[in-house]
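# Observations on the model geometry
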Amino acid sequence: MKPAVATGNVDVYTLSMVREVLTDAKTGLATGVNYIDKRDMLDKNIYGSIVILAASACESARLLLNSKSGRFSEGLANSSGAVGKYLHDSTGASRGGFVPALMDRPRYNEDGVGGLHVYSPWWLDNKKLDFPRGYHIEYWGGMGMPSYGFGMGMEDLNGIIPQPDGTKLPAGGYGVRLKEEVRRFYGAYIGMAGRGESIAREDNYCEIDPNVVDKFGIPVLRFHYTWSEHEINQAKHMQDTFEKIIIEMGGIPSGKKPGADTNHGLESPGKIIHEVGTVRMGKSANKAPLNAFNQAHDVKNLFCVDAGPMVSQPHKNTTWTLMALSMRASEYIIDQRKLGKL
């Protein structure tokens, strides 16, 4: 092991893959981390008086579960047994359609800075529904720069959408006619996606795989995750809402409406990448790894400031919440240092 000692300046160690958090056998306090230097693939240590994890919900849980010792046989900060548990992600489902009223409209430069994100927040009372929580809807459309492969299937609209004089051309077309149709139809496609809250459950969790390691020799995670009827019912409500909106706009929904055989188009867990909850906060050390300041109950100089501490999540991105929690944790660390408690 090659030790590295903090200099008092801001030192950034790049190309470093952390294996585990180091602890003192007598006090149980965190003393630093062990990492693999990607340049020479050697094990190295770096030491510090406070260790703060911000590796992402799943990776921070992986680090803690891999940080086993005689004192912490089930992983670091895991006397509650909750590290890796209560993993949950946002729900997601989508639908698109074609809106004839948007054909033949004036052309504008609609690229802008990108990232069109029109938004409808949750608007209903769950007491009247068959699922808790809610979801929002994000919309897309417009005449941004076409991406690779744009236009495939454009000719299929010929037999569906009538010409201005009411006639319908047969499917197909090429040359001048195809160019005219692209100009006519482009910008008339719209789409919408739902992003919703899921329920935090103990039986949705990640754990260390006993048989698989990554290229650095570090054990990886394996996942156990299922959607409950709450999330599936929510996805059905999304699809009913999407179709109603498209039809009310005078549009034609694309394809077949997703049904129960596909959980109503509900995306697989992890697809929306809003994972939270694996290193959750809680008042009791028996039930949660962290307290309200992102501080480990079992190891007072260990903190986690990513999305892992969040016990629930909104139906939107988690970034602002975890940044606010991180700021509170930072202020707490400064205060505790001034008091000589850290």
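Refer to the structure presented above.
Structural notes, computed from the coordinates. (Residues numbered from 1 in each chain as written. Predicted model: local features only at pLDDT ≥ 70, side-chain atom pairs only at ≥ 80, totals over all residues. Heavy atoms only, no water.)

## Some remarks on the sheet that holds strand E12 (residues 252-253)
Neighbouring strands of a sheet are bound in pairs by backbone hydrogen bonds; such pairs are parallel or else antiparallel. Heads up, the condition is: Criterion used throughout: strands pair if DSSP finds at least two bridges between them. Numbering of helices and strands runs from the N terminus, with a helix taken as a DSSP run of H or I at least four residues long and a strand as a DSSP run of E at least two residues long.
Pairing is antiparallel across the open sheet formed by five strands, whose spatial order is E7-E8-E9-E6-E12. The sheet is open, and its two edges are formed by strand E7 (118-120) and E12, each paired on a single side. Examined bridge by bridge, E7 and strand E8 (residues 135-141) share three bridges and lie antiparallel to one another. Of the residues in E8, the one forming a bridge with Val 118 is Tyr 139.

## Brief notes about the environment of Ser 60
Our working rule: Burial here depends on accessible area, computed with a 1.4 Å probe over protein chains only, as a share of the maximum for the residue type. Under 20% is buried, over 50% is exposed, and the range in between is partly exposed. In what follows, a contact means two residues having at least one pair of non-hydrogen atoms within 4.5 Å.
Mapped onto the elements of the fold, Ser 60 is located in helix H1 (residues 57-66). Ser 60 sits in the buried class, given a relative accessible area of 0%. Residues Ser 60 and Glu 20 lie 40 residues apart in sequence; the distance between their C-alpha atoms is 9.9 Å. Once residues within four sequence positions are removed from consideration, Ser 60 is found in contact with Leu 53, Ala 54, Ala 55, Cys 304 and Asp 306.

## Here we look at the packing of aromatic side chains
Just so we agree on the cut-off: Within 6.5 Å between ring centres, the rings of Phe, Tyr and Trp (the latter by its six-membered ring) count as paired, and their orientation is classed by plane angle as stacked under 30 degrees, edge-to-face over 60, tilted in between.
Counted according to the given criterion, the structure contains 10 aromatic pairs. Arranged with centres 5.2 Å apart and planes meeting at 75°, the rings of Phe 98 and Tyr 189 form a pair that is edge-to-face. A residue pair is termed long-range when its members are at least 10 positions apart, and Phe 98 in strand E6 (residues 91-98) and Tyr 189 in strand E9 (residues 189-196) qualify at 91 residues. Taking the relative accessible area as the measure of exposure, Phe 98 reaches 3% and is therefore buried.

## Some remarks on the side chain of His 274
Within the secondary structure, His 274 is located in the loop between E12 and strand E13 (302-304). Apart from the residues lying within four places of it in its own chain, the contact partners of His 274 are His 88, Asp 89, Ser 90, Gln 313, Lys 316, Asn 317 and Thr 318.

## Looking at helix H4 (residues 319-338)
We apply this condition: One fewer than the residue count of a helix, multiplied by 1.5 Å, yields its expected span. Arc definition: it is the arc formed by the directions from the helix axis to the C-beta atoms.
If you check H4, its first and last C-alpha atoms are 29 Å apart, about what 20 residues at 1.5 Å a residue would give, namely 28 Å. Of all the residues in H4, the buried ones are Leu 322, Leu 325, Ser 326, Ala 329, Tyr 332, Ile 333 and Gln 336. Each buried residue of H4 sits inside an arc of 125° when the element is viewed along its axis, so together they form one side. Exposed side chains of H4 directed beyond 90 degrees from the buried face belong to Trp 320, Met 327 and Lys 338. Here the buried face of H4 lies against strand E5 (51-53) and E13. Looking at the residues trailing H4, positive phi occurs at Gly 340, about 75°.

Function-wise, these values are silent; they only describe arrangement.
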